[in-house]
Amino acid sequence: MSFLPKPKLHHPKLPTNALGYTRRDYEGAISTLCAGCGHDSISAAIIQACFELDIEPHRVAKMSGIGCSSKTPDYFLGASHGFNSVHGRMPSVLTGANLANRELLYLGVSGDGDSASIGFGQFAHSIRRGVNMAYIVENNGVYGLTKGQFSATSDKGSKAKKGTVNTDEAIDLVGIALQLGATYVARSFSGDKDQLVPLIKGAMRHDGPAFIDCISPCVAFNNHEGSTKSYDFVREHNEAMNRLDVITSRAPITADYAPGEVREVEQHDGSILRLRKLHAEYDPTDRVAAMHHLHERKAAGEIVTGLLFIDPDPRDLHANLGTVARPLNRLGDALLVPGAAALEAINTGLR
Amino acid sequence: MRGPVTATNDFVVKFANVNGSGSASANQLFAKAILRMGIPIASRNIFPSNIQGLPTWFEVRVSGEGYLGRRGGVDLMVAMNPQTWERDVAEIDPGGYLFYDSTRPVPQSRFREDVHVIGVPLTAMCNAAYTDARQRQLFKNIMYVGALSALLQIDPAVVETLLSEQYKGKEKLAKPNQEAFQMGRDWALANLPCPLGLTLERADKVGDRIYVDGNSAAGLGAVYGGATVCAWYPITPSTSLAEGFERYAKKFRTDPDGRKRYAIVQAEDELASIGIVIGAAWNGARAFTATSGPGISLMQEFVGLSYFAEIPSVIFDVQRAGPSTGMPTRTQQSDVLAAAYASHGDTKHVVLLPEDPHECFAFGADAFDIADRLQQPVFVLLDLDIGMNDWLCEPFAWDDSRRMDRGKVMTAEELEAGRVFGRYLDADGDGIPYRTYPGTHPSKGAFFTRGTSRDRFAKYTEVGAAYVDNMQRLLQKFETAKGIVPRPVLRQAAEPTRTGVIYYGSSSAAMREALSALEAEGIHVDALRIRAFPFHQEVERFVADHDQVFVVEQNRDAQLRTLLMNECGIVPQQLIPVLHYDGTPITARFIRAAIGDKVLAQILPFAGAAAE
């Protein structure tokens, strides 16, 4: 970690976005994670994505649980409200926050211990309930803050730094998210920023439960020979299905593509997901086929990445509950309190 | 043989039924008919954790004097359940009455000599009148209400009105019920000596009081309190609280296009329930959960977050008999300490203690103002007796000039004007800091909420002095709470006395009757009803002003007494526990005996009385 405070001044010609903000306006406090930690790359990708999407930082609520990954919301979007809750319970806190004000953007940041072990239930239920959020798991397959125990996403047969071999089956969070109805599902790698930034942008512009499993090597405890979450291992086995560009009205189409090479999906909010296919047969709008493909490629030893599933017209929890359009936290007495006359009518019915 | 008990408008009727036999609505009809005759009643369901087949009881206390607690004892047993015959017969007071279905002969040995027996061939009558098996079962219940109306002099016109109200719009159902009622009534008038020694006389003692259960009242209170988010997990005996909120919210908070001004989530467990509440409250909505003891145990970690990160939360705990799964359908006041000191580390929380549905409504609404003002958890402790039984209580009241008190929330305008914002800064000296809702201002007022230690400006720190500074401010805030929570209610004895009693919650009704009985015996006791924790200074004064103070509770370990000793520095010898914890609601007779016997014996030993 760095102990030098970051200077507030920046170069006067630093590029600005549509809101007049520079990239620096999306930064947070100095990271206290280890040098080279994958999580810091993800924080940088989040900053880049929000800057490019012209998101007002204070309209984002960043929520997390406990662990190395869950510390990171302090390190980006310093002008946003953040909530570092309790271990494994970010999904419920985020769900409540979302119910209170449907107008903010909800970014949940979690880790593999937080979401696949102690919080597996909350992860699953927030997805199946359809909470409108971007949920990123910074997946390093290891408990970092407690110094190197296996997590529930560690692959069977992978080796811990001290030499122990994992005998438990790994939980594939992408598989679970697909099964439970997430409407935007992706996997990426903290070492591939070109892939990751657009995937985060797509998730932020998605109006439903968007889930990204981001493999993020732990340089201190899980970057050795025999690990399946090390930089080297992931680079060797990474098999990207597609390359994504997220196109908002501000970014006109420029590049030329060969016919059949590109597929465009328009999201509910008007943003366009332009997918450059790397596997001609892969259809990211077919949930069942996506699940099948994942199992097949996993058996072949590949780590499948990219935008794996997209439902361009999702329904969220508010739609399911039928709540009013106005945020619940802005309803005043007149809309909430029935008053004395209504109460007297109730009294009459109880005599 | 002892002569039959004679009483007018003052007796106890208990119905012994089989769960799922449809007896509940007939028994309710019986209770409501007496109420409509202007005579106060208290009714209690005593039921198993089961949907069909196990024994269930319904006890109706008739009290012209208006005593609404359990008295203890039974004057008339309506024994409709062969499984529990022995214990039901045994429970009748000497000289009391046993009403039973005489279709099949019962050997003389199974009756009691000191009990008057009334047999009505209910099954035979039903079999003759109906062919459908379900009808035979259901109308048998209405039929016994008919027979009882003749025996106790219930006004049949009142029953007719109640049935037509109940089946409004479904007149086809009202008629056969009316006929079954009449059949039972006619048979009793023709074949039995009517009335019994127990009689009902029209009175005007009910006034404008209402008859309602505490869970519905608390749910309605949450609607009036402005709650918009409810997250809960089904658990007896709190389920009907969340359902009550939903029923009233649907009625009052549905837009013309059908969209809702509230959100209810049935969560996957109690941890998610309280997590959703905390997330919603952090984001500026009023939110609550409803649960019982096991749920309180599960919520402990989150309650600590709500306390330490200073996020308002409202938790309705409808207490049942613990520990562990305990007796899920029996009542107790055994979560007092679990709520007051919930979570690890040094914590204390506001606890509200309503005595009846009227206060369930009032405190149910007030809890949201208190939680917002203090920015911390507020527990509202009901119990199964208040929550799931219909109580006769003062009508609900509301002042239309009242507005939600959202506490210290800094606005975008205030931030823009340059007001200093430190999330944990005690700007006003009352221990309560200002908060901002997420999304308030583009560049001011954002902060990072965490369960870890932080300084006055919400920056992470493990510096000892900053930690202590924060913990001391939380204590200061708890002092402020004493002036915000409901104050205790004093009932002074007719004559000066050095003996006092402290009580709370659902014990109140039985307590009032016990106090009257004690006074009639010349035993004078000042009584203080505690309505909230932290304790008001008045509580300490009350204890100091008396030589001995009884503390009446429905738990084994004298939990409120422990809290009083711990928080007010009272010596143990001064507080004498009176404890009733067998899962049935406390009775006036029990309290009277426990206090009266000790006072008369002038020995006041330091020991808990056993449950009766």
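Residues numbered from 1 in each chain as written. Chains lettered and ligands numbered in written order. Predicted model: local features only at pLDDT ≥ 70, side-chain atom pairs only at ≥ 80, totals over all residues. Heavy atoms only, no water.

Secondary structure assignment for chain A yields 12 helices and 13 strands. For 351 residues, the compact-globule estimate of 2.2 N^0.38 gives 20 Å, and chain A sits close to it at 21 Å. In terms of overall dimensions, chain A has C-alpha extents of about 75 × 50 × 50 Å along its principal axes. Buried positions account for 55% of the 351 residues belonging to chain A. With the model as given, the accessible surface of chain A reaches about 14100 Å², and the carbon-plus-sulfur share is 54%. In chain A, which carries 36 positive and 39 negative side-chain charges, the distance between the mean positions of the two groups comes to 5 Å. (Helix = DSSP H or I, 4+ residues; strand = E, 2+ residues; numbered from the N terminus. Rg over C-alpha atoms; globule rule 2.2 N^0.38 Å. Buried < 20%, exposed > 50% of the residue type's maximum accessible area, 1.4 Å probe, protein only. Areas by Shrake-Rupley, 256 points an atom, 1.4 Å probe, with all protein chains shown as cover. Lys, Arg positive; Asp, Glu negative; His and termini not counted. Charge placed at Lys NZ, Arg CZ, Asp CG, Glu CD.)

This brings us to the packing of helix H1 (residues 23-36) of chain B against helix H5 (residues 156-166) of chain B. All names here are of chain B. Two elements in contact, H1 and H5, have axes separated by 9 Å at closest approach and are oriented at 125 degrees. When the interaxial angle is binned, H1 and H5 end up oblique. In this structure, the crossing between H1 and H5 has a hand that is right-handed. The residues of H5 that touch H1, namely those facing Ser25, Leu29, Lys32, Ala33 and Arg36, are Val158, Val159, Thr161, Leu162, Leu163, Glu165 and Gln166. Per-class residue counts for the contact of H1 with H5 are six nonpolar, three polar and three charged. (Axes fitted to C-alpha atoms, helices over the stretch in contact; angles between N-to-C directions. Parallel < 35°, antiparallel > 145°, perpendicular 65-115°, else oblique. Left-handed = near helix turned anticlockwise from the far one by under 90°. Contact = heavy atoms within 4.5 Å. Nonpolar A, V, L, I, M, F, W, Y, C, P; charged D, E, K, R; others polar.)

Here we take up the UniProt feature "domain: Thiamine pyrophosphate enzyme TPP-binding" (unreviewed entry) in chain A. The feature "domain: Thiamine pyrophosphate enzyme TPP-binding" (unreviewed entry), as given by UniProt, occupies residues 66-214 of chain A in the numbering adopted here. For the annotated span residues 66-214 of chain A, helix accounts for 34% and strand for 23% of the residues, and the straight-line distance between the end C-alpha atoms is 17 Å. (UniProt positions renumbered as here; feature names shortened; annotations may be inferred.)

The next subject is the sheet that holds strand E9 (residues 238-240) of chain A. The strands making up a sheet associate through backbone hydrogen bonding, with each pair oriented either parallel or antiparallel. An order of E9(A)-E13(A)-E7(A)-E8(A)-E4(A)-E3(A)-E1(A)-E2(A)-E17(B) is seen for the nine strands of this open sheet, with the pairing classed as mixed. Looking along the sheet, the strands with just one partner apiece sit at the ends: E9 of chain A together with strand E17 (448-450) of chain B. Neighbour-to-neighbour, the strand axes of this sheet turn through a mean angle of 20 degrees, independent of strand direction. Pairing geometry for strand E1 (residues 60-64) of chain A and strand E3 (residues 105-111) of chain A, over five bridges, is parallel. If you follow valine 60 of chain A over to E3 of chain A, its bridge partner there is leucine 105 of chain A. The strands touched by helix H5 (residues 120-129) of chain A within the sheet are strand E4 (133-139) and strand E8 (209-215) of chain A, with E4 of chain A carrying the most contacts at an inclination of about 150 degrees. The sheet strands contacting helix H9 (residues 287-299) of chain A are strand E7 (184-189) and strand E13 (303-310) of chain A, and the helix crosses E13 of chain A at an angle near 175 degrees. (Pairing = 2+ DSSP bridges.)

Now for the interface of chain A and chain B. The interface is formed by 56 residues belonging to chain A together with 66 residues belonging to chain B. Across the interface of chain A and chain B, roughly 5000 Å² is buried in total on both sides, 63% from carbon and sulfur atoms. Inspection of the region where chain A meets chain B yields two salt bridges. The shortest N-O distance in the salt bridge between aspartate 74 of chain A and arginine 450 of chain B comes to 3.3 Å. On inspection of chain A and its partner chain B, the count reaches 24 residue pairs in polar contact (both at pLDDT 80 or more). (Buried area = accessible area lost by both parts, 1.4 Å probe. Salt bridge = Lys/Arg side-chain N within 4 Å of Asp/Glu carboxyl O. Polar contact = N/O pair within 3.5 Å; in protein donor to acceptor, adjacent residues only side chain to side chain.)

All names here are of chain A. Here we have three strands laid out as an open sheet, ordered E10-E12-E11, and antiparallel in their pairing. Here the strands that pair on one side only, and so sit at the sheet edges, are strand E10 (242-247) and strand E11 (262-266). With direction set aside, neighbouring strand axes in the sheet form an average angle of 20 degrees. Taken together, the five bridges between E11 and strand E12 (residues 272-277) define a ladder with antiparallel strand orientation. For arginine 263, the partnering residue across the bridge sits in E12 and is leucine 275. Sheet contacts for helix H7 (residues 193-204): E10 and E12; angle to E10, the most-contacted strand, approximately 50 degrees.

For the rest of this paragraph, the subject is the nonpolar core. Counting 208 residues, the largest nonpolar core has Phe99, Ile502 and Leu564 of chain B as the members making the most contacts within it. Sorting elements by how many residues they give to this core places helix H4 (residues 133-152) of chain B first, with 10 residues. In this structure, Val109, Ala134, Ala186 and Val246 of chain A belong to the second largest nonpolar core, which totals 35 residues. (Core = buried A, V, L, I, M, F, W, Y, C linked by side-chain atoms within 4.5 Å.)

With that out of the way, let us pick up the packing of aromatic side chains. Residues and elements named next belong to chain B. The tally for this structure, following the rule as stated, stands at 27 aromatic pairs over all chains. Ring geometry for tyrosine 224 against phenylalanine 361: centres 5.4 Å apart, planes inclined by 70 degrees, an arrangement best described as edge-to-face. Taken together, the residues span a long stretch of sequence, with tyrosine 224 in helix H7 (residues 214-224) and phenylalanine 361 in helix H13 (residues 357-374) at a distance of 137 residues. On the basis of relative accessible area, tyrosine 224 is assigned to the buried category, the value being 1%. Judged by relative accessible area, which is 1%, phenylalanine 361 ranks as buried. Following the ring pairs from residue to residue traces out a cluster consisting of Phe245, Tyr262, Phe288, Phe316 and Phe368. Its guanidinium or amino end placed over the ring of phenylalanine 308, arginine 454 lies 4.2 Å from that ring's centre, counting from NZ or CZ. In this structure, arginine 454 is placed above the aromatic ring of tyrosine 424, and the distance from its NZ or CZ to the ring centre is 4.0 Å. (Phe/Tyr/Trp six-rings, centres within 6.5 Å; stacked < 30°, edge-to-face > 60°. Lys NZ or Arg CZ within 6 Å of the ring centre and 35° of its normal.)

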